[in-house]
Amino acid sequence: MQRRTLASVIAVALAAGITGLALRSESKTTTSSQVTKATGTEQQVVRAVKGAPTVTATTQAKDVSVDDVIAAGEDVGTDRTDLLVIALDSEEAVVVAEAANALVSRKAIHALPALMEQDIPSRPWAAPSVIDAMGRLAAEAPPAQRADVVDHLVKLLEVEKRRESVEALGNTIQIYEALGQTGEAKAIAALERELVDPTVETAPKVVIVQSLVALKAVQSTELLARVQAEVAALPPVDGLEAELRQDLLTVLGEALVALL
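Residues numbered from 1 in each chain as written. Predicted model: local features only at pLDDT ≥ 70, side-chain atom pairs only at ≥ 80, totals over all residues. Heavy atoms only, no water.

Q: How do you make sense of the overall build of the protein chain when you look at a structure like this?
A: A tally of regular secondary structure across the protein chain gives 12 helices and zero strands. Counting from the amino terminus, the protein chain carries its helices and strands in the arrangement α-α-α-α-α-α-α-α-α-α-α-α. Here the protein chain has roughly 12800 Å² of accessible surface; of this, 55% comes from carbon and sulfur atoms. (Helix = DSSP H or I, 4+ residues; strand = E, 2+ residues; numbered from the N terminus. Areas by Shrake-Rupley, 256 points an atom, 1.4 Å probe, with all protein chains shown as cover.)

In structure tokens:
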């Protein structure tokens, strides 16, 4: 899937007020030379003079700064997945984003259960990064685990479609992309259902089509052609919806060429 095209769809969605993917807050940075000592019975992260902190049995997400996560991500000589997984629970959007990206970069498929355990509806600042990481890591996972991620994303999609909030609508777009990123053929049927669902708006359908292309869904060409004809036959409209329909017709045409 082309990131540029998805970004433009998200931008349109933001302009229309249907998604809320902004960072919850700016991170509070610390230097790697800081040392936080244990207080009472609660052990905190022990920051070394260089590199990422050492994780203890009681280390919590609130103990981890964005600098710590970046250091852990760059520490290619040491397995820092434990710290990155803890950081997924942070209340700082940038910390979660850096941790999720680092897990994907190191192809840490054993972090998939932790990602799937995240409570997406209650964590809007973390949801986009977590959903994206699930899709990209699933592509590296064995077939059975990859299929489990698809099942989880489909269930999450059902939850988000029932919620009436700007964050939920934004999450559905991210889930459509993540399903395409998994590389799992099982996701094709779910995406096809969404493409013909009359409750799904035009902008998200652009991402659905792109995900079907990413999955090399040759079996979807007949459906894509039918949707293309249906959209082309709709009564004319003006403004934003007209632009979105044209975008959808464009990606449908490109998809039919790509999947030949």
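Q: Help me understand the nonpolar core, please; the structure alone is not making it clear to me.
A: A general tendency of soluble globular proteins is for nonpolar side chains to be buried together. Of all hydrophobic cores here, the largest spans 70 residues; its most connected members are Ile131 and Leu224. Apart from the residues lying within four places of it in its own chain, the contact partners of Leu224 are Leu195, Val209, Leu212, Leu252, Ala255, Leu256 and Leu259. (Core = buried A, V, L, I, M, F, W, Y, C linked by side-chain atoms within 4.5 Å. Buried < 20%, exposed > 50% of the residue type's maximum accessible area, 1.4 Å probe, protein only. Contact = heavy atoms within 4.5 Å.)

Q: For this particular structure, what's the right way to read helix α8 (residues 166-181)?
A: For an α-helix, 3.6 residues make a turn, and residues three or four places apart therefore share a direction. Helix length check: α8, at 16 residues, gives a terminal C-alpha distance of 23 Å against a target of 22 Å (1.5 Å per residue), a fit within 8%. Extensive coverage of α8 is indicated by the burial of 13 of its 16 residues. Downstream of α8 by a residue or two, Gly183 has a phi angle that is positive, lying close to 75 degrees. (Expected span 1.5 Å × (residues − 1).)

Q: Explain the confidence of the model for the protein chain here, please?
A: Where the model shows low pLDDT, its predicted coordinates should not be examined in detail. Averaged over all residues, the pLDDT of the protein chain equals 84, while 80% of them reach at least 70. Across residues 1-5, confidence stays below pLDDT 50; counting only partners more than four residues off in sequence or on other chains, it has 12 contacts. (pLDDT = per-residue confidence, 0-100.)

Q: Just to check I follow, could you spell out the pattern of salt bridges for this structure?
A: Side-chain pairing between opposite charges can occur once the charged atoms of the two side chains come close. Enumeration over the complete set of coordinates arrives at 10 salt bridges. Asp132 is the partner of Arg136 in a salt bridge, and the nearest nitrogen-oxygen pair spans 2.9 Å. With Arg136 and Asp132 both in helix α6 (residues 127-138) and four residues apart, the pair spans about one turn of that helix. A relative accessible area of 26% places Arg136 in the partly exposed class. For Arg226, the salt bridge identified is with Glu230, shortest N-O distance 3.6 Å. Placement of the pair is Arg226 and Glu230 together in helix α11 (residues 221-232), with a separation of four residues, close to one helical turn. (Salt bridge = Lys/Arg side-chain N within 4 Å of Asp/Glu carboxyl O.)

Q: How should the environment of Leu88 be read in this particular structure?
A: By the secondary structure assignment, Leu88 is in the loop between α3 (81-87) and α4 (93-105). Leu88 sits in the buried class, given a relative accessible area of 0%. Each residue touching Leu88, except ones within four places of it in the same chain, is listed here: Val96, Ala99, Ala100, Leu103, Ala114, Leu115, Gln118 and Arg123.

Q: I'm lost on the environment of Asp67 in this one. Help?
A: When you line up the elements, Asp67 lands in helix α2 (residues 66-74). Along the backbone, Asp67 and Glu98 are 31 residues apart, and their C-alpha atoms lie at a distance of 9.5 Å.

Q: Could you clarify how one ought to interpret the side chain of Gln118 in this entry?
A: With respect to the helices and strands, Gln118 occurs in the loop between α5 (112-116) and α6. For Gln118, a relative accessible area of 12% translates into the label buried. One polar contact links Gln118 to Asp89, side chain to side chain, over a distance of 2.9 Å. Discounting residues that sit within four places of it in the chain, Gln118 has contacts with Leu88, Asp89, Arg123 and Val130. (Polar contact = N/O pair within 3.5 Å; in protein donor to acceptor, adjacent residues only side chain to side chain.)

Q: Just checking my understanding: could you explain helix α7 (residues 143-162) for this structure?
A: The end-to-end C-alpha distance of α7 is 29 Å, a good match for the 28 Å that 20 residues give at a rise of 1.5 Å each. In this fold, the buried residues of α7 make contact with α5, α6, α8 and α9 (187-195).

Q: How should the packing of α7 against α9 be read in this particular structure?
A: A pair of packed helices is characterised by two quantities: the angle between their axes and the separation of those axes. With their axes 10 Å apart at the nearest point, α7 and α9 run at an angle of 20 degrees to one another. With respect to α9, the element α7 is oriented roughly parallel. Taken as a pair, α7 and α9 cross one another with a handedness that is left-handed. Residue-level inspection shows Val150, Val154, Leu157 and Lys161 of α7 in contact with α9, the latter providing Ala187, Ala190, Arg193 and Glu194. Residue composition of the contact of α7 with α9, grouped by class: five nonpolar, no polar and three charged. (Axes fitted to C-alpha atoms, helices over the stretch in contact; angles between N-to-C directions. Parallel < 35°, antiparallel > 145°, perpendicular 65-115°, else oblique. Left-handed = near helix turned anticlockwise from the far one by under 90°. Nonpolar A, V, L, I, M, F, W, Y, C, P; charged D, E, K, R; others polar.)

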